[in-house]
Amino acid sequence: MAIKGNPGDNRSRGPLPIFVVVGLCCFFYLLGAWQRSGFGKGDSIALQMTKKAEDCSILSNLEYETHHGDQSGMVDDPKLEVKQFEPCGEQYVDYTPCHDQMRAMTFPRENMNYRERHCPPEEEKLHCLIPAPKGYVTPFQWPKSRDYVPFANAPHKSLTVEKAVQNWVQYEGNLFRFPGGGTQFPHGADAYIDQLASVIPMDNGTVRTALDTGCGVASWGAYLFKKNVIAMSFAPRDSHEAQVQFALERGVPAVIGVLGTIKLPFPSRAFDMAHCSRCLIPWAANGGIYMMEVDRVLRPGGYWILSGPPINWRTNYQSWQRPKEELEEEQRMIEEIAEFLCWEKKYEKGEIAIWRKRVNNEYCSERDSRVTLCESSKSENVWYKKMEACVTPYPETRNSDEVAGGELKPFPERLNAIPPRIASGSVPGVSVESFQEDNKLWKKHVKAYKRVNKFLDTGRYRNILDMNAGLGSFAAALESPKLWVMNVMPTKAESDTLGVLYERGLIGIYHDWCEAFSTYPRTYDLIHANGVFSLYKDKCNVEDILLEMDRILRPEGAVIFRDHADILGQVKLIATGMRWKTKMVDNEDGPLIPEKVLFAVKRYWVVGDNNSTAL
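Criteria and cut-off values
- Residues numbered from 1 in each chain as written.
- Predicted model: local features only at pLDDT ≥ 70, side-chain atom pairs only at ≥ 80, totals over all residues.
- Heavy atoms only, no water.
- 1 Å grid on protein atoms, 1.4 Å probe; cavity = no way out; pocket = protein on both sides within 12 Å on 5 of 7 lines; lining within 4 Å.
- Points joined across faces, edges and corners; volume = space filled by probe spheres on them.
- Helix = DSSP H or I, 4+ residues; strand = E, 2+ residues; numbered from the N terminus.
- Nonpolar A, V, L, I, M, F, W, Y, C, P; charged D, E, K, R; others polar.
- Phe/Tyr/Trp six-rings, centres within 6.5 Å; stacked < 30°, edge-to-face > 60°.
- Buried < 20%, exposed > 50% of the residue type's maximum accessible area, 1.4 Å probe, protein only.
- Lys NZ or Arg CZ within 6 Å of the ring centre and 35° of its normal.
- Pairing = 2+ DSSP bridges.
- Axes fitted to C-alpha atoms, helices over the stretch in contact; angles between N-to-C directions.
- Contact = heavy atoms within 4.5 Å.
- Salt bridge = Lys/Arg side-chain N within 4 Å of Asp/Glu carboxyl O.
- Core = buried A, V, L, I, M, F, W, Y, C linked by side-chain atoms within 4.5 Å.
- Domains from an automatic or database assignment.
- Right-handed = clockwise from strand over helix to strand, strands pointing away.
- Disulfide = S-S within 2.5 Å.

Just checking my understanding: could you explain empty space enclosed by the protein for this structure?
Sizing a probe to match a water molecule and rolling it over the atoms shows the empty space that remains. Using the criterion set out here, one finds 9 cavities of 30 Å³ or more in the structure. Its boundaries defined by the atoms lining it, the largest cavity holds a volume of some 260 Å³. Going through the elements one at a time, strand 6 (254–256) and strand 13 (507–511) are the ones with two or more residues in the lining of the largest cavity. Of the residues in the lining of the largest cavity, the class split is 14 nonpolar, 4 polar and 4 charged.

So, in structure tokens, the structure goes:
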């Protein structure tokens with residue numbers, strides 16, 4: 001942000017004007033006050049904090065001066081009527097539109113089709129605000145949140161009964177405690193991960209990104225953070241009640257999802273490691289199609305871990321209460337599929353088996369004559385595309401030592417190194433130079449964000465969502481053990497760069513923002529929306545996107561919009577009717593830049609509140 005001066009000079013001019021600093025600090029008082037108040041103080045504290053923020057009169061007097069016509073300032077026009085959005089009913093507290101249980105039961109159960117995404121048609125969309133449950137509080141900061149979740153935030157006890165002997169989760173007073181146990185790691189996640197790390201290089205940055213299929217409450221992903229490994233975890237909606245919701249409440253990346261009939265929403269060659277711990281996926285079924293899908297998203301040289309049935313069936317068939325002949329045949333088929341996928345078995349001990357995908361096609365010359373190869377052009381085109389019984393081909397290499405697709409540097413060096421996809425020129429419109437410039441630009445943007453929202457790197461925000469991630473430079477500029485970023489590649493984006501993000505050691509997912517995101521309500525602390533509404537202009541309703549943002553944003557969570565001034569004026573008008581406090585500021589390069597930044601805070605309120613949505 002710059003002090004206005006010579007209209008021809010748009011360079012940054014140092015510190016913010018004092019009235020702006022004071023006003024915005026007052027604005028963001030709301031963001032930190034509830035966190036500072038401590039856990040368990042009750043709703044009244046949060047409401048008091050909200051009132052204190054409203055009483056900051058300088059906030060009301062801080063005006064956005066438009067330099068590009070009146071549209072960007074239209075929300076301040078008293079003649080304009082602000083549409084007020086009413087709360088949805090209490091039954092929608094945990095509403096997940098594209099994974100609604102009643103709708104799911106109308107779809108075929110074969111191959112888990114009913115557990116996949118099935119979004120409501122236009123006429124069934126809700127146009128109200130999803131309420132928080134009574135007693136909702138801001139989660140603990142990481143790492144305490146890994147082990148403790150307030151009961152009021154996810155009041156579901158079924159897992160404490162179903163998984164009582166497996167140390168998944170325990171109910172204690174007004175808290176859930178997560179001891180770090182799991183079905184396959186009774187001695188704790190740390191001990192289990194150390195066993196895997198004796199085979200897989202997790203300690204030197206070689207392995208950074210992981211995929212956990214059928215993750216449960218994501219304790220594996222939670223404890224991988226100790227090794228600077230970030231896992232994308234997924235599980236179906238309510239196979240066990242609220243497991244993905246628990247994962248996100250703990251501050252662990254997770255989405256609602258299942259291996260069913262459509263491809264996973266990730267690019268090819270994304271993950272350094274994939275994991276299944278008694279995830280109930282029939283790996284040998286349907287000609288090995290699920291293992292083929294794991295092969296697609298696993299980078300050359302990556303590892304696949306299978307923990308639980310049918311591994312070590314000779315010892316465990318009686319405790320598993322399954323015929324030993326059935327288990328023996330299941331493991332034989334898995335071994336056979338792994339062989340024709342050209343995976344090398346590296347380890348088997350107890351109930352754990354580990355395979356490694358070969359680094360290139362030089363080791364797999366016989367494979368291509370035995371399998372059907374997928375079309376290379378389809379490997380990234382995955383949104384709502386059916387899985388096929390075919391094997392994704394390796395990128396071409398020149399010798400047996402070369403890693404197909406390019407060798408990655410260890411993390412964190414790989415975060416800012418030139419990604420192989422860009423170095424090879426395989427991303428249209430992105431050069432080495434433009435990648436480096438993008439990195440510099442987002443470091444500048446994030447620095448400006450931090451001058452306004454001083455809580456960005458304090459641990460106040462753990463779960464962060466970037467709705468239009470581009471090359472991942474926003475997430476790279478924020479990189480910290482205190483937070484993680486879910487990078488979304490909109491399916492409407494001009495260029496698909498999600499593979500680049502994974503090569504940087506970041507995680508992300510494909511999504512179309514005309515639909516609801518595959519997550520529970522209140523699962524993100526901060527949302528970043530760069531150019532999202534310009535991208536979706538004339539593609540779907542601005543109101544629908546904002547209501548979805550409200551659904552997945554925590555009470556007292558923050559949003560940073562970056563877009564053209566006229567578009568942000570429309571966004572601000574709608575947000576005003578959604579119990580959001582907003583404030584528009586100039587681009588850090590000066591007031592003459594048409595791109596502006598809109599900061600917003602979602603107010604605290606819970607189901608049954610009588611307070612009006614009007615500001």
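Having seen the structure, we can now continue with the description.
What am I meant to see in the packing of aromatic side chains here?
The description of an aromatic ring pair uses the distance of the two centres, along with the angle that the planes make with each other. The full count for this structure, using the stated rule, is 22 aromatic pairs. Judged by centre distance (5.1 Å) and plane angle (80°), the rings of tryptophan 283 and tryptophan 304 are edge-to-face. Here tryptophan 304 lies in strand 8 (residues 298–307) and tryptophan 283 lies in the loop between strand 7 (271–277) and helix 10 (289–297), a separation of 21 residues in the sequence. The burial state of tryptophan 283 is the same as that of tryptophan 304; both residues are buried. Note on tryptophan 304 and tryptophan 355: the rings are 5.3 Å apart at their centroids and 35° apart in plane angle, and the pair reads as tilted. Within this pair, whereas tryptophan 304 is found in strand 8, its partner tryptophan 355 is found in strand 10 (residues 352–357), the two being separated by 51 residues in sequence. Members of the aromatic cluster, each reached through a chain of ring pairs, are Phe151, Tyr171, Phe176, Phe178 and Phe246. A cation over an aromatic ring shows up here: arginine 109 above the ring of tyrosine 114, its NZ or CZ 4.4 Å from the ring centre. Sitting above the plane of the tryptophan 605 ring, arginine 579 keeps its charged end 3.9 Å from the centroid.

Would you take a moment to explain the sheet that holds strand 10 for this structure?
Picture the strands of a sheet paired through backbone hydrogen bonds; they go either parallel or antiparallel. Spatially, 7 strands are ordered 6-5-4-7-8-10-9 in an open sheet, and the strand pairing comes out mixed. Each having just a single partner strand, strand 6 and strand 9 (343–349) make up the two edges of the open sheet. This sheet shows a mean twist of 20° between the axes of neighbouring strands, independent of strand direction. Bridge count between strand 4 (residues 209–213) and strand 5 (residues 230–235): 5 bridges; the pairing is parallel. Residue pairing across strands places leucine 211 opposite methionine 232, the latter belonging to strand 5. Strands strand 4, strand 7, strand 8, strand 9 and strand 10 of the sheet are contacted by helix 10, whose axis makes an angle of about 140° with strand 8.

What am I meant to see in the pattern of salt bridges here?
It is possible for side chains of opposite charge to pair when their charged atoms get near one another. Overall, the coordinates contain 38 salt bridges when judged by the stated rule. The partner of glutamate 503 in a salt bridge is arginine 421, with the nearest N and O atoms 2.9 Å apart. Taken together, the residues glutamate 503 in helix 18 (residues 498–503) and arginine 421 in helix 15 (residues 420–423) connect sequence positions 82 residues apart. What makes arginine 421 buried here is its relative accessible area of 9%. Its salt-bridge partner being aspartate 457, residue lysine 450 comes within 3.2 Å of it at the nearest N-O pair. Taking relative accessible area as the criterion, aspartate 457 reaches 36% and is therefore assigned partly exposed. Beyond isolated ion pairs, a larger network of salt bridges with shared partners links Glu122, Lys125 and Asp544.

Got a minute to help me understand the side chain of aspartate 544 in this structure?
As for its placement among the helices and strands, aspartate 544 is situated in helix 20 (residues 542–552). Residue aspartate 544 is classed as buried on the basis of its relative accessible area of 15%. Apart from the residues lying within four places of it in its own chain, the contact partners of aspartate 544 are Glu122, Lys125 and His127.

Would you mind showing me how to read the nonpolar core here?
When a protein is soluble and globular, its nonpolar side chains tend to lie buried together. Counting 140 residues, the largest nonpolar core has Trp283, Trp304, Met549 and Phe561 as its most contacted members. When residues of this core are assigned to domains, at least three fall in each of domain 1 (189–357) and domain 2 (413–602).

What is the right way to read the sheet that holds strand 1 (residues 148–150) from this model?
Reading across the sheet, the 3 strands line up as 1-3-2 and stay open at both edges, with antiparallel pairing between neighbours. The open sheet terminates on both sides in strands that have one partner only, identified here as strand 1 and strand 2 (170–172). Ignoring strand direction, the axes of neighbouring strands in this sheet form an average angle of 30°. Across 3 bridges, the pairing between strand 2 and strand 3 (residues 175–177) is antiparallel. Note on strand 3: the bridge partner recorded for glutamate 172 is leucine 175.

It is not clear to me how the environment of phenylalanine 533 should be interpreted in this structure. Could you clarify?
Looking at where phenylalanine 533 falls in the secondary structure, it is placed in helix 19 (residues 532–535). Counting along the chain gives 29 residues from phenylalanine 533 to arginine 562, while the straight-line C-alpha distance between them is 9.2 Å. Contact partners of phenylalanine 533, with chain neighbours within four places excluded, come to Val542, Ile545, Leu546, Met549, Phe561, Asp563, Ile567 and Val571.

For this particular structure, what's the right way to read the pairing of strand 8?
Two faces belong to every sheet, and in a regular strand the side chains alternate between them. Most of strand 8 sits inside the fold, with 10 of its 10 residues counted as buried. Alignment of strand 7 against strand 8, held across 6 bridges, turns out to be parallel. Paired with methionine 273 across the strands is tyrosine 303, a residue of strand 8. After leaving strand 7, the chain enters helix 10 and then returns to the sheet as strand 8, a path that is right-handed. Alignment of strand 8 against strand 10, held across 5 bridges, turns out to be antiparallel. Its bridge partner lying in strand 10, isoleucine 305 is registered against isoleucine 354.

Honestly, the state of the cysteines in this entry has me stumped. Any pointers?
What is meant by a disulfide is a covalent connection between two cysteines, made through their sulfur atoms. Under the definition given, this model contains 6 disulfides. Disulfide partner of cysteine 88: cysteine 128, at an S-S distance of 2.0 Å. Sign of the S-S torsion, about 105° for the bond between cysteine 88 and cysteine 128, identifies this disulfide as right-handed. One end of the pair, cysteine 88, is in the loop between helix 3 (57–61) and helix 4 (101–104); the other, cysteine 128, is in the loop between helix 4 and helix 5 (144–147), and 40 residues separate them in sequence. Grouping residues by exposure puts cysteine 88 and cysteine 128 together as buried. Cysteine 276 shares a disulfide with cysteine 279; S-S distance 2.1 Å.

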